[in-house]
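# Analysis of the macromolecular model
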Amino acid sequence: MIELENIVKSYNGEAVLHGVNLKIEDGEFVSVMGASGSGKSTLLNVAGGFIKPDSGIVLWDKENISSFSPSRAARFRCTRMGFVFQNFRLISTLTAEENILLPCLLSGRDMLKTKAYIGELCERLSLCGMLSKYPENLSGGQQQRVAIVRALAYSPSAVILDEPTGALDSAMQQRVMELFRDVNAQRGTTVVQVTHSAAMAAYGGRIVHIKDGAICG
Ligand SMILES: Nc1ncnc2c1ncn2[C@@H]1O[C@H](COP(=O)(O)OP(=O)(O)O)[C@@H](O)[C@H]1O
Ligand SMILES: [Mg+2]
């Protein structure tokens, strides 16, 4: 279970999140919707431990992730959490395949099984011919799909996805959403996504609306 309790975050004295409370149960598929600038990315990055809130706490299975040492935080991310950043954040000096494999190696998962699963994911997202390329030689949509495979490959208990279909055409958007739906249904992975699209949001079981830095239903 992921719990955000009374999260406040300001930038340059201006509050972006005003005391957000949100609870996500294991195995849920939650879609977060809201206007541009409403604080969605800040919220996801706080939930993932990438941004420290000014006040409030983030609990994963009742553990406060801000209390983790850097090495514990790294281990935690490579087993429990997959994250797709809005701007992908692939490592530019690694190939697509190396980007995908890096967290898998850190996760300690069985690499034979993991590599077979990566093959399956790349097949589903038409990435098989792209794996030896560096990020700068991939289109935005290809980079986004590599970031998605990187987040799913080690079968984390939850994935957090910031507009994960924003760079994709509509046929690929649908394939990606079907993949998230299957990962949620078949592996029990908790899915939290930010989206602007009602059609994408409908893949989830619950929609959370954020307005001006507060949850409004
Ligand atoms: N690192 C930052 N420094 C200053 N302001 C920021 C920073 N990140 C986000 N903001 C501001 O916080 C607000 C919310 O941003 P964000 O969480 O990215 O919204 P969303 O993802 O809903 O579009 C925006 O006004 C944005 O300009
Ligand atoms: Mg955003």
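Structural data are supplied above this passage.
This structure is a prediction, so every number in the text was calculated from the model and none was measured.

### Some details on the coordination of the magnesium ion (ligand 2)
Coordination sphere of the magnesium ion (ligand 2), protein contribution only: Ser 41 (OG) and Gln 86 (OE1), at 2.1 to 2.2 Å. Residue Ser 41 is found in helix α1 (residues 40–47), and its partner Gln 86 is found in the loop between β6 (81–84) and α3 (96–107); the two are separated by 45 residues along the sequence.

### Examining the site of ligand 1
Taken together, Tyr 11, Val 16, Ala 35, Ser 36, Gly 37, Ser 38, Gly 39, Lys 40, Ser 41 and Thr 42 make up all the residues around ligand 1. Contact distances for ligand 1 include 3.2 Å between an oxygen atom and a backbone N or O atom of Ser 38. Between an oxygen atom of ligand 1 and a main-chain N or O atom of Ser 41, the distance comes to 2.9 Å. In the complex, 57% of the free accessible area of ligand 1, which totals 570 Å², lies under the protein chains. Per element, the largest residue contribution to the shell around ligand 1 is three residues, and it comes from α1.

### Looking at the sheet that holds strand β7 (residues 158–162)
With mixed pairing, six strands are arranged side by side in an open sheet as β6-β7-β8-β3-β9-β10. What marks the edges here is a single partner per strand, and that holds for β6 and β10 (214–215). Both strand β3 (residues 29–33) and strand β8 (residues 190–194) contribute to a ladder of four bridges, which runs parallel. Among the inter-strand pairings, Phe 29 is bridged to a residue of β8, identified as Val 191.

### Let's talk about the side chain of Thr 190
By secondary structure assignment, the location of Thr 190 is in strand β8. The exposure class of Thr 190 is buried, given its relative accessible area of 4%. One polar contact links the side chain of Thr 190 to the main-chain amide nitrogen of Gly 27, over a distance of 2.9 Å.

Thresholds, definitions, all that
Residues numbered from 1 in each chain as written. Chains lettered and ligands numbered in written order. Predicted model: local features only at pLDDT ≥ 70, side-chain atom pairs only at ≥ 80, totals over all residues. Heavy atoms only, no water. Donors = N, O, S within 2.8 Å, 3.2 Å for Na, K, Ca; no water. Helix = DSSP H or I, 4+ residues; strand = E, 2+ residues; numbered from the N terminus. Near = heavy atom within 4 Å. Polar contact = N/O pair within 3.5 Å; in protein donor to acceptor, adjacent residues only side chain to side chain. Areas by Shrake-Rupley, 256 points an atom, 1.4 Å probe, with all protein chains shown as cover. Pairing = 2+ DSSP bridges. Buried < 20%, exposed > 50% of the residue type's maximum accessible area, 1.4 Å probe, protein only.

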